[in-house]
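# Commentary on secondary and tertiary structure
The primary structure of each chain is shown beneath.
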Amino acid sequence: MTTYTASFLSLASPGGIVFRRWQSRWDHTEVTWEEQPWQFVDFGWSSLGAGGLAGLGSLAMTFPCLPSLHRDLSEASYGRHRALLRVFHYPEEDDGPTPPESMILVGAFSGVIGITSITENTISAEVVHTLGAPGGMLPPRIAITSVIGSPCSLEV
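Structural notes, computed from the coordinates. Note that the structure is predicted; figures quoted are calculated from it, not measured. Residue positions are counted from 1 within each chain, in the order its sequence is given. In keeping with the model being predicted, local features are shown solely for residues with a pLDDT of at least 70 and side-chain atom pairs are shown and tallied solely at 80 or more, while totals for entire chains, interfaces and linings include all residues. Water and hydrogen atoms were dropped before computing side-chain values, which therefore reflect all heavy atoms in the structure.

### Topic: unusual backbone geometry
Put simply, the rule is: Helix numbers and strand numbers start at the N terminus; a helix is a DSSP run of H or I with at least 4 residues, a strand a run of E with at least 2. Accessible area is worked out with a 1.4 Å probe on protein chains only. A residue is then buried under 20% of its type maximum, exposed over 50%, and partly exposed in between.
Phi at H28 takes a positive value of approximately 50°, unusual for a residue other than glycine. Here the phi dihedral of R80 falls at roughly 55°; this positive angle occurs in a residue that is not glycine. By the element assignment, R80 lies in the loop between α1 (67–78) and β8 (82–91). Overall, R80 belongs to the partly exposed group, its relative accessible area being 29%.

### Thoughts on the pattern of salt bridges
The cut-off we apply is this: By definition here, a salt bridge exists when the distance from a side-chain nitrogen of Lys or Arg to a carboxyl oxygen of Asp or Glu is within 4 Å.
A full pass over the atoms with the stated rule returns four salt bridges. Taking the shortest distance from any N to any O, the salt bridge between E34 and R86 comes out at 2.9 Å. With E34 in the loop between β3 (31–33) and β4 (36–40) and R86 in strand β8, the pair connects residues that are 52 residues apart, well separated along the chain. On the basis of relative accessibility, which here comes to 44%, the residue E34 falls in the partly exposed class. When its relative accessible area of 17% is taken as the criterion, R86 is described as buried. A salt bridge links D72 to R71; the nearest nitrogen and oxygen atoms lie 3.7 Å apart. What emerges from the salt-bridge pattern is a single network uniting R20, R71 and D72.

Structure representation (structure tokens):
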């Protein structure tokens, strides 16, 4: 029996507002899943632990070097946005133009996303678990006056 893999990646601001939803299974089309539109992006990933949520660590990802993706990933990298990758398997007989209800979650990873390199054809990124990220905390915070309680200043 053949199984297919469907990968879904969402990017959210530190406040939890999802601003991009991408899927890499249904070529060159937008699909509806979880009552939300998911745009096709030909992304790849590696080093995802199987069997549910991955532990602390990082996840390597690759994207095609397109201006729109470069803009979105740069914004996410600069703003310490969170990425959530979920990977599903489903049987061949359920393959169709939209995500089937028979999809089973086989792996997931969540963390802060950042660009690691850009070439002519590829944007490489790394998703680092929030607690493993430099200065990581849960939930991620940006040092602002309302969080610290006194005016922020840089020491030279």
